[in-house]
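The chain contents come next:
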Amino acid sequence: MAAIGMGFEDVQEGTAEPVGSGSGEGNTPGRPVPGLDLQVWMVPWNEAAAHLREAGALPPSVSMDGLAARSQSMTPPEFPQGPRLGPRLNSLSFSALSLYRRCPRRFYLESVLHMPVEETSAAGAGLPDPADRADAQDGSGIERGLVVHRMLELSPLGAGLPAAPVLEELFDVACTDLGFTLNEEGKRSCLELASAFWRSPVARSDLRHARRELTFSFALEGVLLNGVMDLVIPTAPGWHIVDYKTNRLGAGGVREAMAPYLLQRSLYALAGLRAGAATVDVTFLFLERPEEPFTTRFTSADVPALTEEPAVMVRRLKAGEFPANGEGCAACPQRPLCGGVDREEK
């Protein structure tokens, strides 16, 4: 069989070897995967490949005939339960933990088994920020979100709204840096969203000593959590952390759009407080409505409450718990492999 690489893209663990070597070795049903001790099982290749192709999980560039020539079988996952990851889980990115929160089983498929993701074209109001890869729903939206973030990273934020030619140059540089080619509509959207920053209250802050793309890490439940903050502004009492969002907002506006980001807010606040800040203001700046930043202030008294949810999730992940979430299954690209059913469909 073709080797399926095991390991975490955003999760660092002990040495993990692939299943099989392309020569048929290691294809015994139920054989533990070295390094992770996750059980995998064999099914007929033709059935599985057809299922993956139909679901869009097997890229068009991959030839089923070529893969089948190397093997007559593949290994879809058996979803493990039990303490199988614990001692090998050393660090975890914010995006990986967010995906686990959204759906543990999808996390298992994409971050552990590295099953490919075919992005859908359905983007709309109320969807999470496409730049947050764990919640990405739309290929063009992903590119737009990342370009806007890159433009703001490169911009002289404290110098006022750049002139139109400067914004266009920032757009061109961002696209070149990221290797993207956006159409005119995509360009127009990026220019509007990036320029919206200067209509926000954040732009009127003292940004002379602000840091952009600031990385952070701290230990929780024996695991190193890490991530990147878009903008950190030092204040008299502590930190002001700003995260840009490029979501299309629904009828519920900014407050409704905050729902997917409560974990992110907790981790940002914990990072600042653990770094010694007396207070941490966390602002989510939805660039579609820059005049309405969503800001919450935290102090050391909030640390126990902030720690509770991420600590529980890390413990569950370390214990090897990967249940289907039962929400958003209809639109999930991994549904054919997972077999998940939305609670409302039952």
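What counts and what doesn't
- Residues numbered from 1 in each chain as written.
- Predicted model: local features only at pLDDT ≥ 70, side-chain atom pairs only at ≥ 80, totals over all residues.
- Heavy atoms only, no water.
- Core = buried A, V, L, I, M, F, W, Y, C linked by side-chain atoms within 4.5 Å.
- Buried < 20%, exposed > 50% of the residue type's maximum accessible area, 1.4 Å probe, protein only.
- Contact = heavy atoms within 4.5 Å.
- Helix = DSSP H or I, 4+ residues; strand = E, 2+ residues; numbered from the N terminus.
- Pairing = 2+ DSSP bridges.
- Disulfide = S-S within 2.5 Å.
- Expected span 1.5 Å × (residues − 1).
- Arc of directions from axis to C-beta.
- Axes fitted to C-alpha atoms, helices over the stretch in contact; angles between N-to-C directions.
- Left-handed = near helix turned anticlockwise from the far one by under 90°.
- Nonpolar A, V, L, I, M, F, W, Y, C, P; charged D, E, K, R; others polar.
- Salt bridge = Lys/Arg side-chain N within 4 Å of Asp/Glu carboxyl O.
- Polar contact = N/O pair within 3.5 Å; in protein donor to acceptor, adjacent residues only side chain to side chain.

Novice: Quick question: what am I supposed to make of the nonpolar core here?
Specialist: Inside soluble globular proteins, nonpolar side chains tend to come together where they are buried. By size, the foremost hydrophobic cluster in this structure holds 48 residues, and its most contacted members are L92, L97, F107, F218, L225 and F286. When near neighbours in sequence (up to four residues on either side) are disregarded, L97 contacts L92, L225, L263, L267, P310, M313 and V314. L146, L152, F171 and L193 belong to the second-largest nonpolar core, a separate cluster that totals 30 residues.

Novice: Looking at this structure, I do not really get the pairing of strand 9 (residues 294-299). What am I missing?
Specialist: Regular strands show a simple pattern: their side chains alternate between the two faces of the sheet. Only one face of strand 9 is covered, namely the one carrying F294, T296 and F298; the face carrying T295, R297 and T299 has none of its residues buried. Two elements, strand 8 (residues 279-286) and strand 9, share six bridges in a ladder whose sense is antiparallel. In the strand pairing of strand 9, V280 is matched with F298.

Novice: I tried to follow the state of the cysteines on my own but got confused; where do I start?
Specialist: Here a disulfide denotes a covalent bond joining the sulfur atom of one cysteine to the sulfur atom of another. Taken as a whole, this structure holds zero disulfides when the rule is applied. We note that C175 lacks a disulfide partner, and the nearest cysteine sulfur, in C190, lies 6.3 Å from it. The exposure class of C175 is buried, given its relative accessible area of 8%.

Novice: When you look at helix 6 (residues 164-178) in this model, what are you seeing that I'm missing?
Specialist: One turn of an α-helix holds 3.6 residues; hence residues three or four places apart share an orientation. Its 15 residues give helix 6 an end-to-end C-alpha distance of 21 Å, which sits within 8% of 21 Å, the value for a rise of 1.5 Å per residue. Buried within helix 6 we find L167, L170, F171, A174 and C175. Each buried residue of helix 6 lies within a common arc of 130 degrees when the element is viewed along its axis, so the set occupies one face. What points out from helix 6, more than 90 degrees from its buried face, is the exposed set P165, E169 and T176.

Novice: Help me understand the packing of helix 3 (residues 94-102) against helix 9 (residues 262-274), please; the structure alone is not making it clear to me.
Specialist: Orientation of helix 3 relative to helix 9, taken along the N-to-C sense of each, is 145 degrees, at an axis distance of 10 Å. The handedness of the crossing between helix 3 and helix 9 comes out as right-handed. Contact residues: F94, L97, S98 and R101 in helix 3; L263, Q264 and L267 in helix 9. Residues of the contact of helix 3 with helix 9, tallied by class, amount to four nonpolar, two polar and one charged.

Novice: In this structure, what is going on with the pattern of salt bridges? I would like to understand it.
Specialist: Pairs may arise between side chains of opposite charge once their charged atoms sit close together. Throughout the structure, instances matching the rule amount to 13 salt bridges. Between E192 and R188 there is a salt bridge; the shortest N-O distance is 2.7 Å. In this pair, E192 and R188 are both assigned in helix 7 (residues 184-196), four residues apart and thus about one turn of the helix distant. A relative accessible area of 38% means that R188 is categorised as partly exposed.

Novice: Even after reading the chapter, I still don't get the side chain of Q264, so can you show me in this structure?
Specialist: Assignment of secondary structure puts Q264 in helix 9. With relative accessibility at 2%, the residue Q264 sits in the buried group. Side-chain polar atoms of Q264 contact the side chain of Y268, separated by 2.9 Å. When residues no more than four places from it in sequence are discounted, the contact partners of Q264 are F94, D243, K245 and F284.

Novice: Is there a simple way to think about helix 9 in this case?
Specialist: When the terminal C-alpha atoms of helix 9 are compared, their 18 Å separation across 13 residues agrees well with the 18 Å that a helix rising 1.5 Å per residue should span. Burial runs high along helix 9: 11 of the 13 residues are buried. For helix 9, every residue scored as buried is listed here: L263, Q264, R265, S266, L267, Y268, A269, L270, A271, G272 and L273. Backbone geometry just after helix 9 places G276 at a positive phi near 110 degrees.

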